[in-house]
Structure formats: structure tokens, C-alpha cells
Number of protein chains: 2
Amino acid sequence: MRKNRLSASAYVSGVLAGDRVVLSRAITLIESTLQKDRLLAEQVMQEILPHSGRSLRVGITGVPGVGKSTFIERFGMQLIEQGYKVAVLAVDPSSQQTGGSILGDKTRMERLSQDKRAYIRPSPSGSTLGGVSARTREAMLLCEAAGFDVILIETVGVGQSEIAVKGMVDFFLLLMLAGAGDELQGIKKGIIEICDALIINKADGENAALAKRARRTYANALHLFPPKENGWIPEVSTCSGLSGDGLEAIWEMVLRFERHTRANGTFERQRALQRKTWMREHISYLLLQAFYDNPLIRGQLADVESDVAAGTVSAIATARALVERFREAKNEPEKPA
Amino acid sequence: MRKNRLSASAYVSGVLAGDRVVLSRAITLIESTLQKDRLLAEQVMQEILPHSGRSLRVGITGVPGVGKSTFIERFGMQLIEQGYKVAVLAVDPSSQQTGGSILGDKTRMERLSQDKRAYIRPSPSGSTLGGVSARTREAMLLCEAAGFDVILIETVGVGQSEIAVKGMVDFFLLLMLAGAGDELQGIKKGIIEICDALIINKADGENAALAKRARRTYANALHLFPPKENGWIPEVSTCSGLSGDGLEAIWEMVLRFERHTRANGTFERQRALQRKTWMREHISYLLLQAFYDNPLIRGQLADVESDVAAGTVSAIATARALVERFREAKNEPEKPA
């Protein structure tokens with residue numbers, strides 16, 4: 001199954017030269033779960049690290065049907081025409097179960113995917129959000145090293161994945177629709193608290209007046225939230241991914257946000273915090289992976305868990321016994337059963 | 001510092017006899033973080049386990065100022081007068097930082113705290129929600145073994161702690177206030193999705209009409225949420241913790257919920273799932289605790305973390321190196337530095 005790998009220096013020089021084929025192969029490498037690939041990937045990541053970080057990272061979320069793909073297609077084309085190089089990534093932990101990602105799908109961003117100044121990569125597959133988001137973060141750094149200066153990270157509005165994307169971007173944008181019940185689209189998930197802008201999409205045709213009214217409602221509502229630490233007050237605007245109306249103003253807002261947070265130091269502070277959090281999250285991920293992949297634990301987990309579920313043994317005591325067994329297991333690898 | 005401990009069997013027989021002094025000492029035991037106490041506590045928990053589970057567990061949340069203490073005082077007194085034995089516990093992970101819990105405070109529930117048919121215990125102190133909620137769960141089982149048949153678990157509306165409380169109760173109740181901006185009190189936290197009832201408190205005096213209107217608004221809004229797996233449609237009602245109006249109807253609703261979910265099997269299924277989740281959460285907690293308490297890790301974490309924050313080394317590779325060092329550490333305990 002394992003494809004031919006390049007050497008670490010070949011990956012690094014290819015990525016730094018902006019070679020799209022090597023970039024794609026490097027991302028494939030970091031998506032691999034083979035231990036051998038992981039070590040090579042870490043070497044590559046360590047070497048490209050000094051060349052990463054020089055992009056604006058923008059997260060985009062919204063419920064299915066809100067028009068994310070059309071928005072990104074238009075928004076991305078506009079940025080390209082302004083001289084930016086744009087990479088589109090996605091975080092979709094459900095992509096494995098549903099048999100392939102629907103996010104970052106090239107067929108849904110026809111013009112953008114055919115343009116050499118853009119790079120689109122679908123969500124890595126994987127059942128755990130921790131794994132998927134770690135790989136997306138690494139892909140983001142690779143794209144930056146390859147010279148992409150705007151990274152758009154798309155996710156579907158289903159709760160935890162937005163938190164993951166918020167943890168890797170500079171600016172987080174929530175797309176919404178005007179209309180009945182829409183107050184619940186984002187607010188119910190607690191997204192409004194973490195977004196830097198709330199964009200009412202599909203503000204075109206008959207919908208335009210409705211969108212304007214929704215804009216006022218949300219703008220009023222946002223004032224009820226406590227101010228953010230970075231001093232930025234989330235803005236509400238309308239746009240049409242279809243016609244392109246409002247997209248320029250959105251990019252100007254992102255640049256205004258960047259100036260504001262760079263000036264007060266919170267831009268870099270947020271990135272430093274994100275890196276630390278990323279390390280801590282990966283520590284949790286690796287510890288749990290080592291635990292649940294351990295043959296000793298795998299052999300008894302199902303039985304033990306059904307006893308706990310039935311209430312015949314204590315959850316706490318059982319957890320402690322399992323963790324102790326796991327930690328001792330390393331001490332006696334040769335011991336026969 | 002360590003107070004005299006009883007024997008495991010003395011704790012168990014005291015708790016089962018409903019001895020409040022022994023119950024308090026048993027809860028103090030399970031709140032201890034000393035390794036020796038933990039082992040004794042687990043022995044006690046294992047023995048009382050068959051005698052636990054025979055209560056209705058009700059979670060109560062709401063933003064500060066919503067009137068939780070007054071509500072619980074009145075609601076608890078009403079239950080006692082109906083013949084129930086009521087225990088009040090609290091989950092407040094911030095209680096350590098703020099120098100003592102403000103939740104479950106006896107001075108704020110004057111009548112209830114002086115009644116022999118009630119038992120009030122403030123939130124255990126602790127900086128991690130995992131630790132605080134594990135101890136509250138164990139306290140809950142001890143109270144059940146001591147004969148309390150309604151457990152009220154209070155928490156403040158700050159996000160994660162509600163999720164923790166939801167994971168240990170049968171019925172979850174959100175208190176709200178009618179008035180400007182109140183749409184955001186709960187919805188913004190995603191609480192409405194996890195609550196079984198939404199109660200508009202302080203529906204008295206001039207506020208009564210406002211509360212009635214809010215009730216209709218929320219009842220309409222709740223219909224927009226997808227139906228829950230247990231088939232229960234969250235109900236909205238008004239009450240006055242001050243006058244006691246509406247409290248009887250709330251308890252009738254809780255009992256109706258119990259009948260409904262016991263009949264379709266989801267009551268016991270939810271408890272089984274909670275026990276399994278509890279074990280998994282405790283596994284994560286113990287693994288992370290072992291990692292961050294490890295002297296080798298403690299010795300280098302701060303340095304390594306500031307390198308990661310500065311962006312000079314990779315978060316992923318650093319995490320892996322630390323976890324590997326942690327796992328190998330057990331293999332060479334005697335090796336000199």
C-alpha cells in the first residue's frame with residue numbers, strides 16, 4: 001500500500017519551491033498513519049517550520065446549505081485577482097464514515113480548482129477529530145511554506161469541529177442564512193461567541209431585504225456579548241456568494257482585523273497560544289491512542305465496559321485499574337501470560 | 001493534615017445506616033487526593049455501589065442571578081414535605097480560584113440546611129472539571145446509599161460544567177429570566193439542546209406577564225430543535241422560587257419524564273451510557289495526570305512549551321517526543337541521570 005516516498009530534503013526543497021505536486025505528496029505523507037511515515041513527516045515539518053506562518057488563516061463555517069462552497073469559490077477568485085495565492089483546506093471528521101469528504105471538494109469549486117494560484121485539498125479522512133485537525137494544521141503549515149498567503153479552512157457547523165478550526169485560524173467567520181428559525185443556526189451551538197464575523201449569505205434577489213433585517217438583529221444581539229480579549233467587536237455583514245456582492249468588504253474587514261490585532265499584540269499572542277494548545281492536545285491524543293491501542297487493554301475493554309455500564313463495578317476503580325495495568329505493561333513486555 | 005480515617009467497613013455501614021456524620025466523612029475521604037485515601041475511597045465506593053442508583057438525579061443550571069439558591073431552597077422544602085429525602089450537591093470547578101464555593105452554600109439555603117431530611121454539600125474544590133465532577137459523582141452515589149432519593153445537582157451556567165452535570169443526572173433543568181437579552185442566557189451556550197425543561201424563574205409581581213410571554217417564545221423555539229432520542233420534548237414553564245408558585249408542577253413534570261423514559265427504556269440506557277462515559281473520562285484524567293505529574297515531564301515542560309509557543313519547534317514532534325519519554329521513563333526507573 002505504501003507509495004514511494006521522497007527523501008526529507010526532497011520534500012522540503014520541493015515545497016519551498018512551491019511545487020504543487022511535491023506539496024500534494026508532502027500532505028499525503030503527513031496524512032499517513034504508518035509509524036515510518038510519521039517520523040519522516042516530522043522531519044519535514046521541523047524543516048519547513050521556519051518558512052511557515054506567513055499567511056492569514058481564515059476559518060469558515062456554517063450549517064449545510066448555507067452556501068460555503070459557492071462563497072469560497074467566489075471569495076477565493078477575488079483574492080487571487082488581488083494577487084494572493086489561496087489554499088483551501090477542510091476539517092470534516094465525519095468524512096470517513098460518509099465515504100469521502102464533501103468539504104473542499106474540487107468539483108464544487110470549479111474555477112478555483114483550475115487556477116494555478118489556488119490549491120484545494122479535501123479533508124483528511126479519520127474518525128477522530130484530534131487526528132483530522134492535527135493533519136489539517138500540518139497541511140496548513142506546508143501550504144504556507146509553499147508560498148500560499150491566504151489559507152481558507154472550511155468546516156461544517158456541527159459543534160466540536162468549529163472549536164478545532166477556531167484553534168488554528170486567525171479569523172473565524174460564520175456564514176448564516178436569513179429566514180425563519182435562523183436565530184438557531186449558530187447561536188445554539190455557541191458559535192457566535194467564538195466567531196469574529198457573522199456573514200448573512202444569499203443576500204440576493206427577494207432575500208436581500210430579509211438579510212438586511214437579519215443583519216440588524218444580529219448586530220444588536222452581538223452587543224450583548226462581553227467584549228473579547230483582543231478588543232475586536234464581531235461584525236455582521238451581508239453578502240452573496242452567487243453575485244459576489246459584499247465579498248470585497250469582507251476581505252477589507254479581515255485586513256482591518258489583522259491590523260487591529262497586530263497593533264495590540266493579540267495576533268501573535270493568539271498564535272503562540274494556539275501552538276501551545278496544539279501541543280497539549282496532541283499529547284492527550286497520543287496518550288489515549290497508546291492506551292486504547294494497547295493489546296492488553298483492547299483484550300479486556302469490552303468486557304470491563306459492559307460491567308461498568310451494568311453498574312456492577314465502579315467506573316472510577318475500573319478506570320484506575322486499567323490505567324495501572326497499561327502503565328505496568330511496559331515494564332514486563334516479555335512476561336508470558 | 002490527614003485526619004483520622006475510619007475503616008472501609010465503618011464508612012460503608014455508617015453510610016448505609018444513613019448516618020450523616022459518617023456520610024460527610026466519607027465524602028471528605030473521596031475528595032482527598034492522597035493516594036492512600038484514594039485506595040480506601042475506591043474500596044468504600046465498590047461496596048456501596050449495589051446500594052446506589054435508587055434516586056432521581058436532577059441537574060439545575062442557569063446564569064448567576066437567576067435565583068438558583070432560592071429555587072432549590074423552596075423546591076427542596078416542597079419535596080421534603082412530600083416525604084422525599086433530598087441531597088443538594090454542586091459542581092463548580094472555579095471554587096478553588098475564588099477561595100471557596102459559592103454553590104451549594106448552606107447559608108443561602110437556610111431552611112433546607114437545617115432540616116434533617118435534607119443534606120447539603122458544597123462543591124469540592126479543584127482546578128480541573130474532570131476532578132471536580134468525578135468527586136461529585138461519587139458523592140452522589142454515597143448520598144443514594146445513605147437513603148437520599150432525590151439528588152439536586154447545581155451548577156453555574158458557564159459552559160463546560162453543564163455538560164459535566166448533564167452527564168451525571170437523569171433530568172436537566174435550565175433556569176432563565178424573562179427580560180431583555182434573555183434569549184442569549186442559555187441558547188448561546190448550547191444549553192437548550194441538552195436541557196429537559198426550561199423554567200422561567202421569578203415569574204412573580206410585575207414580572208409575571210413578561211414571564212408568560214417568554215414562555216410562549218421559548219416553547220415555539222424548542223419546536224425547531226430535532227426530537228431527542230428518548231422521545232421527550234423539553235417543556236417550558238414558569239415559576240417563582242420566592243412564592244413557590246409553579247414548583248409542584250415542575251416536580252410533576254420530572255415524574256412524568258421518569259415514567260416516560262422508564263417505559264421506553266431510555267432511562268436505564270442513559271444511566272448505562274453515563275457510567276461508560278464516566279469510566280472513559282476518568283481514564284483520560286488519570287493518563288493526563290500521570291503524564292503531567294511525572295517528574296521528567298515537569299522538569300522540562302515549561303522550556304519546551306515556550307519553544308513551541310515561539311514557533312521554533314514543531315508542536316506535533318515535541319508532543320510525540322514528550323509522550324515517548326514519558327512511556328519509556330517507566331522502563332528505566334533506577335537509571336541515573
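What comes next is a walk through the structure. Residue positions are counted from 1 within each chain, in the order its sequence is given. Both sets of labels track the order of writing: A upward for chains, 1 upward for ligands. Selection of residues for local features in this predicted model requires a pLDDT of at least 70, selection of side-chain atom pairs for listing and counting requires 80 or more, and totals for whole chains, interfaces and linings are taken over all residues. Just so you know, side-chain values use all the structure's heavy atoms and leave hydrogens and water out.

**A word on the overall build of chain A**
Phase 1: The way it works is that DSSP assigns letters per residue, a run of H or I at least four long becomes a helix, a run of E at least two long becomes a strand, and they are numbered from the N terminus. The number of helices and strands found in chain A is 13 helices and seven strands.
Phase 2: Of all intrachain contacts in chain A linking residues separated by at least 6 positions in sequence, the fraction that spans at least 24 positions is 75%.
Phase 3: Roughly 14900 Å² of accessible area belongs to chain A as shown, and the carbon and sulfur atoms make up 53% of that amount. Working rule for contacts: check all heavy atoms of both residues, and any pair within 4.5 Å makes them a contact. Accessible surface is estimated by sampling points in the Shrake-Rupley manner with a 1.4 Å probe; for residues, cover comes only from the protein chains shown.

**Some thoughts on the relation of the copies chain A and chain B**
Phase 1: Once chain A is rotated about the relating axis by 179 degrees and shifted along it by 0.1 Å, it coincides with chain B to within an RMSD of 0.2 Å. Those values place the two copies in the arrangement expected of a two-fold rotation axis.
Phase 2: Same-surface contact between copies: 98% of interface residues of chain A are shared with the interface of chain B. The copies were overlaid with a least-squares fit restricted to C-alpha atoms from residues scoring a pLDDT of at least 70 in each copy.

**As for unusual backbone geometry**
Phase 1: The phi angle at Lys202 of chain A is positive, at roughly 60 degrees, despite the residue not being glycine.
Phase 2: Residue position: Lys202 of chain A is located in the loop between strand S6 (197-201) and helix H9 (207-222).

**Section: the interface of chain A and chain B**
Phase 1: With 57 residues of chain A in contact, the opposing surface of chain B contributes 57 residues.
Phase 2: Summed over both partners, the accessible area lost on bringing two parts together, with a 1.4 Å probe, is the buried area. Counting each side, the surface lost to burial between chain A and chain B is near 5600 Å², with a carbon and sulfur contribution of 66%.
Phase 3: The salt bridge criterion pairs a side-chain nitrogen of Lys or Arg with a carboxyl oxygen of Asp or Glu, the two atoms within 4 Å. Along the contact surface separating chain A from chain B lie four salt bridges.
Phase 4: A salt bridge links Arg280 of chain A to Glu305 of chain B; the nearest nitrogen and oxygen atoms lie 2.7 Å apart.
Phase 5: Only helix H3 (35-48), helix H6 (129-145), helix H8 (183-187), helix H11 (266-293), helix H12 (295-310) and helix H13 (315-329) of chain A provide two or more residues apiece to the side of chain A that touches chain B.
Phase 6: Considering every element that reaches the side of chain A that touches chain B, the biggest residue donor is H11 of chain A, with 15 residues.

**Considerations on the side chain of Thr61 of chain A**
Residues and elements named next belong to chain A.
Phase 1: Summarising the element assignment, Thr61 is placed in strand S1 (residues 56-61).
Phase 2: For each residue, the accessible area found with a 1.4 Å probe, counting protein chains only, is set against the maximum for its type, and the residue is called buried under 20%, exposed over 50%, and partly exposed in between. Residue Thr61 is classed as buried on the basis of its relative accessible area, which comes to 0%.
Phase 3: Whenever a nitrogen or oxygen atom comes within 3.5 Å of another N or O atom, the pair is scored as a polar contact, on the condition that within protein one atom can donate a hydrogen and the other can accept it, and that pairs from neighbouring residues in sequence are kept only if both atoms are in side chains. A distance of 3.3 Å separates a polar side-chain atom of Thr61 from the backbone oxygen of Thr155.
Phase 4: Engagement of the side chain of Thr61 in a polar contact is seen with the side chain of Glu162, the distance being 3.2 Å.

**Topic: the environment of Leu174 of chain A**
Residues and elements named next belong to chain A.
Phase 1: Residue placement: Leu174 occurs in strand S5 (residues 171-177).
Phase 2: For Leu174, a relative accessible area of 2% puts it in the buried group.
Phase 3: Distance in space between the C-alpha atoms of Leu174 and Ser7 is 40 Å, their sequence separation being 167 residues.

**Digging into the sheet that holds strand S3 (residues 118-120) of chain A**
Residue and element names in this part refer to chain A.
Phase 1: Whether two strands pair comes down to DSSP finding at least two bridges between them. Strand order in the open sheet made by the seven strands is S3-S2-S4-S1-S5-S6-S7, with parallel pairing throughout. Where the open sheet ends on each side, the last strands, each with one partner, are S3 and strand S7 (235-238). Strand-to-strand twist across the sheet, computed as the mean angle between neighbouring axes with direction ignored, equals 20 degrees.
Phase 2: Bridge analysis of strand S2 (residues 86-91) against S3 gives three bridges, and the strand direction is parallel. Within the sheet, the bridge partner assigned to Ala87 lies in S3 and is Tyr119.
Phase 3: Here helix H4 (residues 68-81) sits on the sheet in contact with S1, S2, S3, strand S4 (150-155), S5 and S6, set at roughly 180 degrees to S4. Here, axes are lines fitted to C-alpha atoms. For helices the fit covers the stretch in contact, and angles between N-to-C directions go from 0 to 180 degrees.

**Concerning the packing of helix H11 (residues 266-293) of chain B against helix H12 (residues 295-310) of chain B**
Between two packed helices, the angle of one axis relative to the other and the distance separating the axes together describe the packing.
Residues and elements named next belong to chain B.
Phase 1: Running from N to C, H11 and H12 cross one another at 70 degrees; their axes reach a closest spacing of 5 Å. The angle between H11 and H12 falls in the class roughly perpendicular. Here Phe291, Tyr292 and Asp293 of H11 lie close against H12, whose contacting residues are Pro295, Ile297, Arg298 and Leu301.
Phase 2: Across the contact of H11 with H12, the residue classes tally to five nonpolar, no polar and two charged. Reported orientations rely on four angle classes, namely roughly parallel under 35 degrees, roughly antiparallel over 145, roughly perpendicular from 65 to 115, and oblique for the rest. Three classes are used: nonpolar for Ala, Val, Leu, Ile, Met, Phe, Trp, Tyr, Cys and Pro, charged for Asp, Glu, Lys and Arg, and polar for all others, with Gly counted as polar.

**Points about helix H10 (residues 247-263) of chain A**
Residues and elements named next belong to chain A.
Phase 1: Multiplying 1.5 Å by the residue count of a helix minus one yields the expected span of that helix. Between its first and last C-alpha atoms H10 spans 24 Å; for 17 residues at 1.5 Å apiece the expected length is 24 Å, and the two agree.
Phase 2: For H10, the set of buried residues is Leu247, Ile250, Trp251, Met253, Val254, Phe257, Glu258 and Thr261. Down the axis of H10, the buried side of the element spans an arc of 155 degrees, and every buried residue falls inside it. Facing away from the buried side of H10 by more than 90 degrees, the exposed set consists of Glu248, Arg259 and Ala263. Each C-beta atom gives one direction from the helix axis, and the arc is the one those directions make.

**Considerations on a positive patch on the surface**
Phase 1: The grouping of Lys212, Arg213, Arg215 and Arg216 of chain A at the surface amounts to a positive patch.
Phase 2: Relative to the helices and strands, Arg213 of chain A is located in helix H9. To count toward a patch, a residue needs a relative accessible area over 30% and no salt bridge; like charges are then connected within 9 Å, while nonpolar side chains (Val, Leu, Ile, Met, Phe, Trp, Tyr) are connected within 5 Å. A residue counts as positive if it is Lys or Arg and as negative if it is Asp or Glu; His and the chain ends are not included. Just so you know, the charge point we use is NZ for Lys, CZ for Arg, CG for Asp and CD for Glu.

**Let's talk about the sheet that holds strand S4 (residues 150-155) of chain B**
All names here are of chain B.
Phase 1: Taken in spatial order, the seven strands of this open sheet run S3-S2-S4-S1-S5-S6-S7, and their pairing is parallel. Only two strands of the sheet have a single neighbouring strand rather than two, namely strand S3 (118-120) and strand S7 (235-238). Pairwise comparison of adjacent strand axes, ignoring direction, gives a mean angle of 20 degrees for this sheet.
Phase 2: In terms of strand pairing, strand S1 (residues 56-61) meets strand S5 (residues 171-177) through four bridges, oriented parallel. Across the sheet, residue Thr61 finds its bridge partner in S5, namely Leu174.

Keep in mind that these numbers describe shape and distance, not what the molecule does.
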